[in-house]
Amino acid sequence: MAAPVAAGAAPPLLRVVAECGRSRARAGELLLPHGPVPCPVFMPVGTQGTAKGVTAAQLAALGCRLCLGNTYHLGSRPGPELVQRAGGLHGFMDWPHNLLTDSGGFQMVSLAALAEVTEEGVRFRAPHDGREMLLSPEASIAIQNALGADIIMQLDDVVSSSTVGPRVEEAMRRSVRWLDRCIAAHGRPRHQNLFAIIQGGLDPTLRSQCLEEMTRRDVPGFAIGGLSGGEAKSSFWRMVKLSTDRLPRHKPRYLMGVGYATDLVVCVALGCDMFDCVFPTRTARFGSALVPWGSLQLKNQQFAKDFRPIDPDCACPTCQRHSRAYLHALMRTDTAALHHVTVHNIAYQLNLMGSIRESILARRFPAFVRQFLGTMYGPRERVPPWVTEALAAVGIDLD
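As the structure is a prediction and not an experimental result, all values here were calculated from the model.

1. Topic: the overall build of the chain
Per the secondary structure count, the chain includes 16 helices and 16 strands. Its C-alpha radius of gyration of 21 Å places the chain within 12% of the 21 Å reference for a compact globule of 399 residues. If you line up the chain on its principal axes, its C-alpha atoms span 65 × 50 × 40 Å. Among the 399 residues that make up the chain, the fraction classed as buried is 56%. The contacts in the chain between residues at least 6 apart in sequence include a share of 67% that link residues at least 24 apart.

Dropping the structure here:
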């Protein structure tokens, strides 16, 4: 039987404008309904219609043009009907730019104690009121159609990256079947771009089989799922490369759940276009500010009399207005400090991706990578071995 095709599918989503020439890195644009999005792109996570600690207006002012919402949480509270009445998630959160909603699949791992997975779907017990909710492929797509995001994700059967044995193959094969159900259920293919999610754990054979099956489906884009869950970095990068090697060149490649700066740089080199992670906002709430040489824990006493900005070269509102000493003084008494650090951390991620893109356009991406790693780690021998191995696999030598 022929693989299903999304009826009335939208025109191509990705326009590639430059490629590295040595590595797999590329610069392009996502041609989305709410405006083009330069890529590679990092997408802040707004679980319930907002990135924690910042407003939609602040996100836009920082240059964000694509952020995330969570289907499980929005589908549970406040519910898709209410959001749809507000004009969809764009109107509900007053966001004029693009949105991506995940499918709810990740909650099979993050809320594993509250979830039961069957062929029908995943049955959750809501943590706030104990109410049961069946999230089937059809229900996930119906919620996402109501929310109205520009990119929507298939419901996949997600297992932890540390899982081994027959459950990994079961989840991979079920994800393929669920993709077909999502395609069939999708009611707005010309307005919302449905992405498939590659599974298969850390098993190259299973991941290859999933890639072969899913790339037969004519969907607008593909995500690489089931990674960044605590697995060894040597396994992580190999599964990313295996995936990008076999994904279509003309469609976007979204690496899910990746947000550490080094991981972003390496995985752009491996050929990924899109990334998301709660890391920059979550670490800000613990007082940690991201900088090109690592991070600053602003709760530490060493910053009590430090009147420099977090990063003298950063143009974000926090660095333009506030010192490390001021943020340190607020840290234990006022949540405004966490807000200021969140603004900075999101700006750091977006600026990093902008610098990566500029280096690809200027045909100097390998030099950018070496400079980035030199600032982050210092001497060559301090760079993590997995980074050196991954970059060498795509032609970037750090010597």
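2. Structural notes on the side chain of Arg26
Residue placement: Arg26 occurs in strand 2 (residues 26–32). In this structure the side chain of Arg26 is engaged in a polar contact, spanning 2.5 Å, whose partner is the backbone oxygen of Arg249. A distance of 3.0 Å separates a polar side-chain atom of Arg26 from the backbone oxygen of Lys251.

3. Thoughts on helix 13 (residues 324–331)
Most of helix 13 is tucked away: 6 of the 8 residues are buried. Contacts made by the buried residues of helix 13 are with strand 16 (294–297), helix 12 (317–321) and helix 14 (336–361).

4. Considering the packing of helix 14 against helix 15 (residues 365–377)
Viewed as axis vectors pointing N to C, helix 14 and helix 15 meet at an angle of 145 degrees, and their least axial separation amounts to 8 Å. Contact residues: helix 14 offers Tyr348, Leu352, Ser355, Ile356, Ser359 and Ile360, while helix 15 offers Phe365, Phe368, Phe372 and Met376. In terms of residue class, the contact of helix 14 with helix 15 is built from 8 nonpolar, 2 polar and no charged.

5. Examining the pairing of strand 12 (residues 221–224)
Along strand 12, one buried face is formed by Gly221 and Ala223 and the opposite face, lined by Phe222 and Ile224, is buried too. On the question of chirality, the crossover connecting strand 11 (residues 193–198) to the parallel strand 12 by way of helix 8 (residues 204–214) is right-handed. Here strand 12 pairs with strand 13 (residues 253–255) via 3 bridges, running parallel. Pairing of Ile224 across the sheet is with Leu255, part of strand 13. For the handedness criterion, the β-α-β arrangement of strand 12, helix 9 (residues 233–246) and strand 13 is classed as right-handed.

6. Digging into the nonpolar core
Of all hydrophobic cores here, the largest spans 106 residues; its most connected members are Phe275 and Phe365. With sequence-adjacent residues up to four places away left out, Phe365 is seen in contact with Cys20, Ser23, Ala25, Val265, Val268, Ala269, Ile356, Ser359, Ile360 and Ile396. Core analysis: the next-biggest nonpolar cluster, separate from the first, contains 20 residues, Leu14, Leu32, Leu66 and Met256 among them.

7. Some remarks on helix 16 (residues 385–393)
All buried positions along helix 16 are accounted for by Trp386, Val387, Thr388, Ala390 and Leu391. Looking at the buried positions of helix 16, the neighbouring elements they touch are helix 9, helix 10 (261–269) and helix 15. Trailing helix 16 by a residue or two, Gly395 shows a phi angle of about 90 degrees, which is positive.

8. What to know about the packing of aromatic side chains
The description of two aromatic rings rests on the distance between their centres and on the angle between their planes. Counted under the stated rule, the structure contains 4 aromatic pairs. Taking the centre distance of 6.3 Å and the plane angle of 80 degrees together, the rings of Phe236 and Trp386 count as edge-to-face. Placement of Phe236 in helix 9 and of Trp386 in helix 16 is noted, with a sequence separation of 150 residues between them. With respect to burial, Phe236 and Trp386 carry one shared label: buried.

Cut-offs applied
- Residues numbered from 1 in each chain as written.
- Predicted model: local features only at pLDDT ≥ 70, side-chain atom pairs only at ≥ 80, totals over all residues.
- Heavy atoms only, no water.
- Helix = DSSP H or I, 4+ residues; strand = E, 2+ residues; numbered from the N terminus.
- Rg over C-alpha atoms; globule rule 2.2 N^0.38 Å.
- Buried < 20%, exposed > 50% of the residue type's maximum accessible area, 1.4 Å probe, protein only.
- Contact = heavy atoms within 4.5 Å.
- Polar contact = N/O pair within 3.5 Å; in protein donor to acceptor, adjacent residues only side chain to side chain.
- Axes fitted to C-alpha atoms, helices over the stretch in contact; angles between N-to-C directions.
- Nonpolar A, V, L, I, M, F, W, Y, C, P; charged D, E, K, R; others polar.
- Right-handed = clockwise from strand over helix to strand, strands pointing away.
- Pairing = 2+ DSSP bridges.
- Core = buried A, V, L, I, M, F, W, Y, C linked by side-chain atoms within 4.5 Å.
- Phe/Tyr/Trp six-rings, centres within 6.5 Å; stacked < 30°, edge-to-face > 60°.

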